[in-house]
Amino acid sequence: MKKKPIRIAIAVLICLLVGFIGSIATQTSIDTWYVQLEKPWFNPPKWVFAPVWTMLYIFIGIAAGMIWSRGFHHKWVKTALYHFGFQLLLNAAWSVFFFGLQNPLIALLDILALFILLLFTIKWFKIVHAPAAYLLIPYGIWVAFATILNFEIWRLN
């Protein structure tokens, strides 16, 4: 039982680190290239993104830690965490593609793959430990919204 809080803390730190890496890529063009883009009417103000993503990274880190605490020796836990790891890589790559490379189309393809992989991750988390899967639902909703936003930015530009 002592391992669970440690595993959750490690998972949260890893997720926050991914977010930090993404923010570095974002900073390269958020105040230059991004402001010049035409955006849809539902584009949130830029101050919304940091607190939302921070909260989401904490939630998904807690979820991953809960799954990890179920025992990495079990094949379902491994499968769930492999899906989680790959979607986290796609998450980090999105900022690099969108802001770093300033390429909304490549970012759109990435976020579509991320969303699909996230649905599989939620499925596997639910098999292992349903409360962990439920912690991923706000992330799934946000990624769906971000996918639509990314599509509209690509379409408008």
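Because the structure is predicted, anything quoted here is derived from the model rather than measured. (Residues numbered from 1 in each chain as written. Predicted model: local features only at pLDDT ≥ 70, side-chain atom pairs only at ≥ 80, totals over all residues. Heavy atoms only, no water.)

Undergrad: So what's going on with a nonpolar patch on the surface? Residues and values would help.
TA: Judged by side-chain polarity, Leu 105, Ile 106, Leu 109, Leu 112, Phe 151 and Trp 154 come together as a nonpolar surface patch covering roughly 510 Å² of accessible area. Listed by contribution, the elements that provide at least two residues to the nonpolar patch are helix 5 (104-128) and helix 7 (137-156). If one sorts the elements of the nonpolar patch by residue count, helix 5 sits on top with 4 residues. Residue position: Trp 154 is located in helix 7. (Patch = residues over 30% accessible without salt bridge, like charges linked within 9 Å, V, L, I, M, F, W, Y side chains within 5 Å. Areas by Shrake-Rupley, 256 points an atom, 1.4 Å probe, with all protein chains shown as cover. Salt bridge = Lys/Arg side-chain N within 4 Å of Asp/Glu carboxyl O. Helix = DSSP H or I, 4+ residues; strand = E, 2+ residues; numbered from the N terminus.)

Undergrad: Which residues make up the side chain of His 129, and what values go with them?
TA: Position of His 129 relative to the elements: it lies in the loop between helix 5 and helix 6 (130-135). Using a relative accessible area of 16% as the deciding quantity, one classes His 129 as buried. Residues contacting His 129, with those up to four places away along its chain left out, are Met 66, Ile 67 and Arg 70. (Buried < 20%, exposed > 50% of the residue type's maximum accessible area, 1.4 Å probe, protein only. Contact = heavy atoms within 4.5 Å.)

Undergrad: Give me the lowdown on the pattern of salt bridges, citing residues and values where you can.
TA: What the rule picks out here adds up to 2 salt bridges. Taking the shortest distance from any N to any O, the salt bridge between Asp 31 and Lys 46 comes out at 2.3 Å. Here Asp 31 is found in the loop between helix 1 (3-27) and helix 2 (33-36), whereas its partner Lys 46 is found in the loop between helix 2 and helix 3 (49-68), with 15 residues between them in sequence. Note on Asp 31: relative accessible area 49%, which makes it partly exposed. Residues Arg 155 and Glu 152 are paired through a salt bridge, measuring 2.7 Å at the closest nitrogen-oxygen approach. Taken together, the positions of Arg 155 and Glu 152, both in helix 7 and 3 residues apart, correspond to about one turn of that helix. For Glu 152, a relative accessible area of 15% puts it in the buried group.

Undergrad: Give me the lowdown on the environment of Lys 75, citing residues and values where you can.
TA: When you line up the elements, Lys 75 lands in helix 4 (residues 75-100). The exposure class of Lys 75 is exposed, given its relative accessible area of 61%.

Undergrad: Please provide a residue-by-residue account of the nonpolar core, values included.
TA: Among the nonpolar cores identified, the biggest contains 45 residues, and Phe 98 and Phe 125 are the most heavily contacted of them. Of all elements in the fold, only helix 1, helix 2, helix 3, helix 4, helix 5, helix 6 and helix 7 reach the threshold of two or more residues within this core. Excluding anything up to four places from it in sequence, Phe 125 contacts Ala 63, Ala 64, Ile 67, Ala 80, Leu 81, Phe 84, Ala 130, Ala 132, Ala 133 and Leu 136. (Core = buried A, V, L, I, M, F, W, Y, C linked by side-chain atoms within 4.5 Å.)

Undergrad: Go over helix 4, please, and point to the residues and values.
TA: When the terminal C-alpha atoms of helix 4 are compared, their 36 Å separation across 26 residues agrees well with the 38 Å that a helix rising 1.5 Å per residue should span. Just downstream of helix 4 lies Gln 102, where phi reads positive at about 55 degrees. (Expected span 1.5 Å × (residues − 1).)

Undergrad: Would you mind going over helix 1 in detail, with residue names and values included?
TA: With 25 residues, helix 1 ought to run about 36 Å at 1.5 Å a step, and its terminal C-alpha atoms sit 36 Å apart, in line with that. For helix 1, the full list of buried residues reads Ile 8, Ala 11, Val 12, Cys 15, Val 18, Gly 19, Gly 22, Ala 25 and Thr 26. Buried residues in helix 1 make contact with helix 3 and helix 4.

Undergrad: Could you give an account of the packing of aromatic side chains, naming the residues involved and the relevant values?
TA: According to the stated counting rule, one finds 16 aromatic pairs in the structure shown. A centroid spacing of 5.4 Å and a plane angle of 85 degrees characterise the contact between Trp 41 and Phe 42, whose relative ring orientation is edge-to-face. The exposure class assigned to Trp 41 is exposed, which follows from its relative accessible area of 80%. Arranged with centres 6.3 Å apart and planes meeting at 90 degrees, the rings of Phe 72 and Tyr 82 form a pair that is edge-to-face. In this pair, Phe 72 sits in the loop between helix 3 and helix 4 while Tyr 82 sits in helix 4, placing the two residues 10 residues apart along the sequence. What makes Tyr 82 partly exposed here is its relative accessible area of 48%. (Phe/Tyr/Trp six-rings, centres within 6.5 Å; stacked < 30°, edge-to-face > 60°.)

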